Amino acid sequence: MTLVEPARRGARSIFLRRPFFTLALLVAVGYVLAAIFAPLVAPYDPVAQDFNAMMQAPSGAHLMGTDSYGQDILSRVIFGARYALIIGFFAVAIGAIGGLIVGLAAGLSGGWVEWALMRLIDSILALPSLILAVAFIAILGQGVDKVVIAVGLSMIGPFARTVRADVLQVRVQLFVEAAGLMAIPRAVIIWRHILPNVIYPLAVQVTIRISEAILVSSSLSFLGIGVTPPTPDWGLMIAEGRAFVSFAAWMSAMPGFALALLLIALSIVGDGIREEFDPKLKGKA
Amino acid sequence: MQNAERPVFELVDVEKVFQVRKPGQRFGRQTVGLHALDGVRLSVGQGASLALVGESGSGKSTLLRVLLGLDAPTNGQALYRGRAIREARAGGSDFARDVAMVYQDARGSLNPRMTIGALLAEPLRRFAVVPEAQIGARVEQLLTRVGLPADAAARYPAALSGGQVRRVAIARALASEPSVLVADEAVSGLDVSTQAQLLSLLRRLQQEMGLTLVFITHDLGVASYLCENIAIMYLGRIVETGPTDAVLAAPAHPYTAALRAAAPSFFQPIAEPLPGEIPSPLDLPAGCRFSGRCPRVQGDCHASDPYLARAGEGRSVACLHPLASPQASALAGTFQD
Ligand SMILES: Nc1ncnc2c1ncn2[C@@H]1O[C@H](COP(=O)(O)OP(=O)(O)OP(=O)(O)O)[C@@H](O)[C@H]1O
Ligand code: SF4
Ligand SMILES: [Mg+2]
């Protein structure tokens, strides 16, 4: 007897089947490489001020021009990718792990524990993550580590909500009941049967939400309450260039463009991963 | 072992009532009782094979859930070898190992994130059926037994067809070496040759290992091939039981007779059993629950509700006016043909 092979079909050719996904992935990988090797690829020191070269338009010497302190914008954009990706990654890690714990607890406990957790999530979720992050910054103070924690905490709510919804859906599945019929202990059922069916959708969420975390952290910097100068942070650079936008537009436009391109690339990659690996979006055999 | 002579399963006037929202009230909180099982009497002995037959909604799956201890009966007693089923299930893993289930929705009963090999290894490990080192070999053996290639172990359920998934579900049920197999439509919807292959596998296991079988089916042919005994369900009650061949050859209950007439050739699902709507279990007719559709209905049928009572050798029927004495026709069938 032969077995049908729907799962393997074209697994290798995903890059050919999804050209935009491939392009976006290349862009995202480019950002990651630039961030990792920033000291090697950046032409100047990102915080070196040169008062002989202030507010120069893009040229051969400064491909993206310089800012009002004479700092090379290209170098600052490249180092800025470091901060953006580090903040995005760790903030989402905090949000996803916290959300997984809270969501699992809410989805599996039932009764008043679930009620209390859900009211907590609801009261947190009612606020947009930017507002919530501002509130946490007000408590924690400024700095890269504080931004990571504030943005991470503000994302626990949305993560917890989707995890709980998935748990509620998975725990009534027949295979969970079947495991109970085989006298599999409850802790093992949660670990082996419920968790994997919740983790995969969560991983997809993570790729999509990294861009949200980057946007929120840049917004904090833009508002002047996140990362402190002279850290080469995109949000901060956009804010600094705002005063000169009429005659030195590149000061805001270059970091803005870098931010927009990364966000678009990440969301295309996230969507591609979701469509490719989410069994709910695939026709079942 | 003093339980060896007790029937494997014994149901004494089991009722299962679900509280459902009153029909027509979409927002109200008032509920009414839905009698999914209503006065079920049943006994399944060691090594017996019982087919459960009935229209959709007659309570077959609910009966299985009670047998497995997944649902507690609202009233009456459900016993496993003389012990309350819920108690037997709660009291350790013996019940879980001894009684295995094949779900109606086989695909839904398999974790989509586990390979077939891991799915089959789970009960093997849980019940320490074989030492760890032999698990791979035993998985292969189970796959071969249900007619799947050994390389299926590395696949996920999504990569298998409906019929193959059914085989995996059966293989997993057999992994714990149970003495009782409970199956909900385990072979329906499969093509004829696959069906025949699985049926002969089950029959072999039954003969070689003395497997006790409770088998829900829509197909009278499957019932008569696989099961010595048959129980016909109608609206939450077993209305006739007995040896499959005798019951199908000479039905005593008018409902059985109608089912039989609706399935003139075996190995075909019952298409349209009977004229007339099956009444809602929320609003049963007074007296006999079949009175609204029964061709033999008489005045007293509307007054009293017949219970399952003995009617001849190994047979029982719940009808005030059963068809021609089943004993006589059974004898006729045995001696004069
Ligand atoms: N959890 C439940 N809550 C409320 N009503 C239920 C529940 N489970 C079953 N019922 C009702 O009980 C009756 C019997 O259902 P059951 O699933 O046992 O039928 P069945 O004979 O298995 O049907 P089928 O052949 O379609 O599988 C139906 O009227 C059904 O609507
Ligand atoms: S009791 Fe009356 S109505 Fe019911 S099945 Fe028998 S003859 Fe028909
Ligand atoms: Mg059913």
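Above this text sits the structure in question.
This section reports on the structure supplied with the text.

Quick notes on the rules
Residues numbered from 1 in each chain as written. Chains lettered and ligands numbered in written order. Predicted model: local features only at pLDDT ≥ 70, side-chain atom pairs only at ≥ 80, totals over all residues. Heavy atoms only, no water. Pairing = 2+ DSSP bridges. Helix = DSSP H or I, 4+ residues; strand = E, 2+ residues; numbered from the N terminus. Near = heavy atom within 4 Å. Nonpolar A, V, L, I, M, F, W, Y, C, P; charged D, E, K, R; others polar. Core = buried A, V, L, I, M, F, W, Y, C linked by side-chain atoms within 4.5 Å. Buried < 20%, exposed > 50% of the residue type's maximum accessible area, 1.4 Å probe, protein only. Contact = heavy atoms within 4.5 Å. Salt bridge = Lys/Arg side-chain N within 4 Å of Asp/Glu carboxyl O. Polar contact = N/O pair within 3.5 Å; in protein donor to acceptor, adjacent residues only side chain to side chain.

Things to note about the sheet that holds strand β9 (residues 229-234) of chain B
Neighbouring strands of a sheet are bound in pairs by backbone hydrogen bonds; such pairs are parallel or else antiparallel.
All names here are of chain B.
Consideration 1: Spatially, the 8 strands line up as an open sheet ordered β6-β7-β8-β3-β9-β10-β12-β11, and their pairing is mixed. Every interior strand has two partners, whereas the edge strands, β6 (99-102) and β11 (309-310), have only one.
Consideration 2: Across 4 bridges, β6 lies against strand β7 (residues 180-184) in parallel orientation. Considered in β7, the bridge of V99 is made with V180.

Re the site of ligand 2
Consideration 1: Taken together, H253(B), P254(B), C288(B), F290(B), S291(B), C294(B), R296(B), C301(B), P306(B), C319(B) and L320(B) are the residues near ligand 2.
Consideration 2: Taken together, the residues of the shell around ligand 2 break down into 8 nonpolar, 2 polar and 1 charged.

Some points on the nonpolar core
Consideration 1: In this structure, V102(B), L181(B), F215(B) and I230(B) are the most contacted members of the largest nonpolar core, which totals 64 residues.
Consideration 2: The element contributing the most residues to this core is helix α6 (residues 162-175) of chain B, with 8 residues.
Consideration 3: Beyond its immediate chain neighbours, meaning those up to four positions away, F215(B) contacts L50(B), A51(B), L52(B), A183(B), A186(B), V187(B), L199(B), L202(B), V222(B), L226(B) and C227(B).
Consideration 4: Of all hydrophobic cores here, the second largest spans 60 residues; its members include A96(A), V170(A), I184(A) and L259(A).

A few points about the interface of chain A and chain B
Consideration 1: Each side of the interface is counted separately: chain A has 25 residues, and chain B has 34 residues.
Consideration 2: Remark: the boundary between chain A and chain B carries 2 salt bridges.
Consideration 3: Notably, a salt bridge pairs E177(A) with R65(B), separated by 3.2 Å at the nearest N-O pair.
Consideration 4: At the junction of chain A with chain B, the criterion picks out 9 residue pairs in polar contact (both at pLDDT 80 or more).
Consideration 5: The residue makeup of the side of chain A that touches chain B, split by class, is 18 nonpolar, 4 polar and 3 charged.

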